[in-house]
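Residue-level structural notes
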Amino acid sequence: MAKLLQSLRGMNDILPPKTTQWRQLEAEFRTVLQQYGYEELRTPILETTELFKRTIGEVTDIVEKEMYTFMDRNGDSLSLRPEGTASVVRAGLEGNLFFGQIRRLWYMGPMFRHERPQSERYRQFHQVGVETFGMAGPEIDAELIVMCQRLWRRLGLANVRLQINSLGTATARQVYRTALVEYLGHHTANLDDDSRRRLVTNPLRILDSKDPGTQAIVAGAPRLSAYLDEEAVLHFEAFQRLLDDLNVPYEVNPRLVRGLDYYNKTVFEWVTDELGAQGTLCAGGRYDGLVGQLGGRDTPAVGFAVGLERVLALCIKQAKLRAVVPPLLYIAPVGLAATRTALRLAETLREQRPWTVLCDCAGGNFKSQLKRADKSNAAVALVLGEREVAESVVGVKLLRRGTPQRDVKLADLVSDLDQLEREGVFEVSDTGE
Ligand code: HAM
């Protein structure tokens, strides 16, 4: 037998019935995004490598070692997108979305990073991202946060905490960077290898290190907050006041620096302790310089991205997604005449009502067909045999109620089913996963 081929490591198929959960999750996101007036955009999955280098930063982990980069047939260097912000800014500039306009945009789709796969860390993962343009004040930062909170609430999620920080302007960060490098330079012997390398390339990321030895040194390091420019301080204070007004609890984490270079002022992460090491569900912040950096007019911007695999994992862990909506009606025909009637009957029902109608096309006797009907989670079986066809009736059997099957005239079937729907026969109870 031929060897079975497998999907790539860290890249997973999403198979039924899991796809139903994904759709439910995506639907919740769409509803909330629409409530806040967001417009969807879709960008290509492939972009020039240069786009990501110029936005995320040449010396970030993502660009240095995580991108799927290759030469295409024209000799151009292309990369699978590792995130969405860069593409949205490029697309917005190309499509003239920003000029003199306020924008609230969102996107959903796969992102690619060649990281070491582990629980809740994948090489292909999915994000819902939002990016806003043209709003410089802290109000939109706060609105983004409260929108996330609404999402967690709608999904019924508990134990999701908000961490915030301010990175100040690029100039203030440069001054801080010098002070930090000076301090850490005295402790290089005790830094982990990665941090020693970052001392030259991206020292702020050392604040984020998970290495206990490095963490101990970082505890005594100068604090970015002491170097923030006044404008950033006022912005951050006003942002916190707005979060207080909106009753959103938060924690200021001075070590929150983010792994992408484009941020300034507000940055934030929503985290949970329930998913092990990969507990960041959502992350984002302000990137006022990026549009200008890519050749547009200076345009303030702020956004975030949610990791859908992680949110789904938490929903499942906390048993918060409603049960799969089953096919409601199952037509079970036995015999040639009944089979021919069945397909037509299914079409008539679908034409007249929005119900899901599954018509058994696998044959066999009533017993085996009703077994399949039970398995499909249908609420009602419509039984058709030679007798039913001859008498123009259908046997109606309520699968979850155990009541005896009864004949209903074909002509009365829709109104009979309408009555059953009113009685709640089609409803599905909440059963978690
Ligand atoms: P990020 O922090 O790189 O930010 O990713 C955002 C979220 O994507 C993470 O918090 C996590 O939930 C999810 N994520 C990232 N990598 C993986 C992975 N390998 N496996 C599973 N989930 C993952 C950004 O991407 C920025 N573009 C966010 C942003 C938008 N900032 C401003 N606007």
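Owing to the predicted nature of the structure, the values given are computational and were not obtained by experimental measurement.

A few words now on the pairing of strand S5 (residues 103–112). Burial within S5 is extensive, with 8 of its 10 residues counted as buried. When strand S1 (residues 39–40) meets S5, the two strands line up parallel, connected through 2 bridges. Each bridged residue has a counterpart across the sheet, and for Glu39 the counterpart in S5 is Leu105. The sheet contact formed by S5 and strand S6 (residues 124–133) spans 10 bridges and is antiparallel. Within the sheet, the bridge partner assigned to Met108 lies in S6 and is Val128.

Near the ligand there are 26 residues, and of these Glu83, Arg113, Glu115, Glu131 and Tyr263 occur at the shortest range. Within the contact set of the ligand, a nitrogen atom lies 2.7 Å away from a side-chain nitrogen or oxygen of Glu131. Taking Gly307, its main chain carries an N or O atom lying 3.3 Å from an oxygen atom of the ligand. In the complex, 95% of the free accessible area of the ligand, which totals 660 Å², lies under the protein chains. Of all elements in the fold, only S6, strand S10 (280–286) and strand S11 (301–307) reach the threshold of two or more residues within the shell around the ligand. Here the shell around the ligand gets 6 residues from one element, more than from any other, and that element is S10. The class makeup of the residues in the shell around the ligand is 11 nonpolar, 7 polar and 8 charged.

This part is about the layout of surface pockets. Quantified by volume, the second largest pocket comes out at close to 490 Å³. Forming the boundary of the second largest pocket are 25 residues, of which Ala170, Arg173, Asp261, Tyr262 and Tyr263 lie nearest the centre. Looking at which element gives the most residues to the lining of the second largest pocket, the answer is helix H6 (residues 170–185), with 4 residues. Split by residue class, the lining of the second largest pocket holds 10 nonpolar, 9 polar and 6 charged.

Before going further, it helps to spend a moment on the environment of Gln124. Mapped onto the secondary structure, Gln124 falls in strand S6. The partly exposed category is assigned to Gln124, whose relative accessible area is 23%. Taking the C-alpha atoms as reference points, Gln124 and Leu8, separated by 116 residues in sequence, lie 9.4 Å from one another. Ignoring sequence-local partners within four residues, the contact set of Gln124 consists of Gly10, Met11, Pro110, Met111, Phe112 and Glu309.

Contact pair helix H2 (residues 49–56) / helix H4 (residues 85–94): the axes reach a minimum separation of 9 Å and the direction vectors enclose 105°. With respect to their mutual orientation, H2 and H4 come out roughly perpendicular. Facing Leu51, Phe52 and Thr55 of H2, the residues of H4 in contact are Ala86, Ser87 and Arg90.

Tallied over the full model, the rule gives 0 disulfides. Its sulfur unpaired, Cys315 is 14 Å from the next cysteine sulfur, which belongs to Cys282. Cys361 provides the cysteine sulfur closest to Cys359, a residue in no disulfide bond, and the two sulfurs are 4.9 Å apart.

Here we come to the sheet that holds strand S15 (residues 393–398). With respect to topology, 5 strands assemble into an open sheet ordered S13-S12-S14-S15-S16, the strand pairing being mixed. Among the strands making up the open sheet, the edge pair consists of strand S13 (357–359) and strand S16 (406–409). Between one strand axis and the next, the sheet turns by 30° as a mean value, whatever way the strands run. Alignment of S15 against S16, held across 4 bridges, turns out to be antiparallel. Bridge pairing links Gly395 to Asp407 in S16. The sheet contacts of helix H13 (residues 366–375) involve strand S12 (329–333), strand S14 (380–384) and S15, and relative to S12 the element is tilted by about 165°. The strands that helix H15 (residues 413–422) touches are S12, S14, S15 and S16; relative to S16, the one it contacts most, it runs at about 125°.

Once that is clear, we can look at the packing of aromatic side chains. Taken as a whole and judged by the stated rule, the model has 9 aromatic pairs. Judged by centre distance (5.6 Å) and plane angle (90°), the rings of Trp355 and Phe426 are edge-to-face. One end of the pair, Trp355, is in the loop between helix H12 (336–352) and S13; the other, Phe426, is in the segment after H15, with 71 residues separating them in the sequence. As far as burial versus exposure is concerned, Trp355 and Phe426 are alike and both buried. One aromatic cluster is present, formed by Phe98, Phe133, Tyr262, Tyr263 and Tyr287 through successive ring pairs.

For the α-helix, the turn length of 3.6 residues means that residues three or four positions removed from each other point alike. Within H4, 7 of the 10 residues are buried, leaving the element largely enclosed by the surrounding structure. Along H4, the residues classified as buried are Thr85, Ala86, Ser87, Val88, Val89, Ala91 and Gly92. The inward-facing, buried residues of H4 abut strand S2 (46–48), H2, S5, S6 and helix H10 (290–293). Backbone geometry just after H4 places Asn96 at a positive phi near 55°.

A separate point is empty space enclosed by the protein. One pass over the full model with this rule turns up 2 cavities of 30 Å³ or more. For the largest cavity, the calculated volume is near 70 Å³. Lining the largest cavity, in full, are Tyr176, Leu207, Val218, Ala219, Ala221, Pro222, Arg223, Leu224, Pro254 and Arg255. For the lining of the largest cavity, the class distribution of residues is 8 nonpolar, no polar and 2 charged. Of the volumes computed, that of the second largest cavity is approximately 30 Å³. Along the walls of the second largest cavity sit Val59, Thr60, Asp61, Glu64, Arg197, Arg198, Thr201, Asn202 and Arg205, which together make up its complete lining. Put simply, the parts of the chain that give the lining of the second largest cavity at least two residues each are helix H3 (61–66) and helix H7 (193–201). The element that contributes the greatest number of residues to the lining of the second largest cavity is H7, accounting for 3 residues. Among the residues forming the lining of the second largest cavity, the class breakdown is 1 nonpolar, 3 polar and 5 charged.

Calculation criteria
- Residues numbered from 1 in each chain as written.
- Predicted model: local features only at pLDDT ≥ 70, side-chain atom pairs only at ≥ 80, totals over all residues.
- Heavy atoms only, no water.
- Buried < 20%, exposed > 50% of the residue type's maximum accessible area, 1.4 Å probe, protein only.
- Helix = DSSP H or I, 4+ residues; strand = E, 2+ residues; numbered from the N terminus.
- Pairing = 2+ DSSP bridges.
- Near = heavy atom within 4 Å.
- Polar contact = N/O pair within 3.5 Å; in protein donor to acceptor, adjacent residues only side chain to side chain.
- Areas by Shrake-Rupley, 256 points an atom, 1.4 Å probe, with all protein chains shown as cover.
- Nonpolar A, V, L, I, M, F, W, Y, C, P; charged D, E, K, R; others polar.
- 1 Å grid on protein atoms, 1.4 Å probe; cavity = no way out; pocket = protein on both sides within 12 Å on 5 of 7 lines; lining within 4 Å.
- Points joined across faces, edges and corners; volume = space filled by probe spheres on them.
- Contact = heavy atoms within 4.5 Å.
- Axes fitted to C-alpha atoms, helices over the stretch in contact; angles between N-to-C directions.
- Parallel < 35°, antiparallel > 145°, perpendicular 65-115°, else oblique.
- Disulfide = S-S within 2.5 Å.
- Phe/Tyr/Trp six-rings, centres within 6.5 Å; stacked < 30°, edge-to-face > 60°.

Note that every value here comes from positions in space, so none of it alone points to a role or purpose.
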